Amino acid sequence: MPSNTEKDAYSGQATTGHEWDGIKELDTPLPRWWLWVLYATIAWSFVYFVLYPAIPGLTSYSKGVLGYSSRVEVGNKIAAARAEQGRFRDGIRQSPLAEIRTDDQLLRFALAGGKAAFADNCAPCHGVGGVGNPGGYPSLADDAWIWGGSLEDIERTILYGVRNDHEDSRSSQMPIFGRGEDAVLTPDQIADVAEFVLSMSKRSKNAEAMKRGAPLYKENCASCHGPTGKGDSEQGAPRLNDAIWIHGGSREAIIAQITRPKNGTMPAWSGRLDTETIKMLTVYVHALGGGQ
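Residues numbered from 1 in each chain as written. Predicted model: local features only at pLDDT ≥ 70, side-chain atom pairs only at ≥ 80, totals over all residues. Heavy atoms only, no water.

Q: When you look at the pattern of salt bridges in this model, what are you seeing that I'm missing?
A: Pairing is possible between side chains that carry opposite charge, provided their charged atoms lie close to one another. Applying the stated criterion across every chain, the model contains 9 salt bridges. Two residues, aspartate 153 and arginine 170, come together in a salt bridge whose shortest N-O distance is 4.0 Å. One end of the pair, aspartate 153, is in helix 7 (residues 151-160); the other, arginine 170, is in the loop between helix 7 and helix 8 (187-200), with 17 residues separating them in the sequence. Here glutamate 195 makes a salt bridge to arginine 251, at a shortest N to O gap of 3.1 Å. Of this pair, glutamate 195 sits in helix 8 while arginine 251 sits in helix 11 (residues 251-259), and the two are 56 residues apart along the sequence. Using a relative accessible area of 33% as the deciding quantity, one classes arginine 251 as partly exposed. One network of salt bridges, in which partners are shared, links Arg89, Asp90, Arg93, Asp274 and Glu276. (Salt bridge = Lys/Arg side-chain N within 4 Å of Asp/Glu carboxyl O. Helix = DSSP H or I, 4+ residues; strand = E, 2+ residues; numbered from the N terminus. Buried < 20%, exposed > 50% of the residue type's maximum accessible area, 1.4 Å probe, protein only.)

In structure tokens:
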């Protein structure tokens, strides 16, 4: 402790001996009420250690004499919430999808539950509100449905997914038309087909290439995508005569997709989500894009 402590002439309080630019620091004790509050919090911390889980170990932790568990508490709250929602969840589980759409109470419950389930399980790929994401994650908020947009179609897609290892998965595969020696079409032919595809949405800028691409499209593509590019939901073949593109609608992107197509996957949610949640998701997704 500094030896040059003294009593301040104005306040009568002792100083600490520290001085800066003529300003001396007073050695003012803490208020008693503040000290008692500090002591009380220290005492309470020891009581808390005894009553509640508090001290971590290498493989476990102190359980506390009250046996409290936040995990159990959350589980109880979830169970209570489910009990309150029971009649609605029962109604969702027992009702056909079309009936849920026409029942105001069930519809509101399904839309709210579907929105929450979508945010937890689907939004990372399909985006918030189903707007889609670059890289092959289709928008669910438009009127283009690769595998069909009816309630039943959407439910089946959610249940079994697309191109995964589930035995009932939806499956389609676009051929590789331009790889190596086994290429079906030459690079020039692929460019002509791409120009014809652009013409379906009135974006072609090369009439000669479009004409050359027409018979090539008819021979290689029309069986899946249709003669006019309207697509085929039974085969999972996307529509080509609109402005909605999963992997890009530029000439270069179309050429790349014909040359070496990208085929995305979607997980099957049956077994992961319960029946009510899948139905609520179905109703919610159907409402996002207007359904079919």
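Q: So what exactly am I meant to see when it comes to the environment of proline 56 here?
A: By the secondary structure assignment, proline 56 is in the loop between helix 1 (32-51) and helix 2 (70-84). Between the C-alpha atoms of proline 56 and leucine 26, which are 30 residues apart in sequence, the distance is 42 Å.

Q: How should the nonpolar core be read in this particular structure?
A: It is characteristic of soluble globular proteins that their nonpolar side chains tend to be buried jointly. Counting residues in each nonpolar core, the largest one holds 18 residues, and the members touching the most others are Phe118, Ile158, Leu281 and Val285. Secondary-structure elements contributing two or more residues to this core are helix 5 (104-121), helix 7 and helix 12 (275-288). In terms of residue count, the dominant contributor to this core is helix 12 (4 residues). Counting residues in each nonpolar core, the second largest holds 16 residues, with Ala194, Met200, Leu216 and Tyr217 among its members. (Core = buried A, V, L, I, M, F, W, Y, C linked by side-chain atoms within 4.5 Å.)

Q: Looking at this model, I keep getting lost on the state of the cysteines. Mind explaining?
A: In a disulfide, the sulfur atoms of two cysteines are held together by a covalent bond. Applying the stated rule across the entire model yields 0 disulfides. Here cysteine 122 stays free of any disulfide, with the sulfur of cysteine 125 as its closest cysteine sulfur at 8.6 Å. Residue class for cysteine 122 comes out buried when judged on its relative accessible area of 13%. You can see cysteine 221 has no disulfide; the closest cysteine sulfur is in cysteine 224, sitting 8.5 Å from it. (Disulfide = S-S within 2.5 Å.)

Q: I'm lost on the layout of surface pockets in this one. Help?
A: Think of a ball as big as a water molecule: rolled over the atoms, this probe shows where empty space is left. Roughly 220 Å³ of internal volume is contained in the second largest pocket. In terms of lining, the second largest pocket is formed by 13 residues, of which the most central are Arg89, Gly113, Ala116, Thr277 and Met280. The dominant element in the lining of the second largest pocket, judged by the number of residues it contributes, is helix 5, at 7 residues. Its residues assigned to classes, the lining of the second largest pocket shows 6 nonpolar, 4 polar and 3 charged. (1 Å grid on protein atoms, 1.4 Å probe; cavity = no way out; pocket = protein on both sides within 12 Å on 5 of 7 lines; lining within 4 Å. Points joined across faces, edges and corners; volume = space filled by probe spheres on them. Nonpolar A, V, L, I, M, F, W, Y, C, P; charged D, E, K, R; others polar.)

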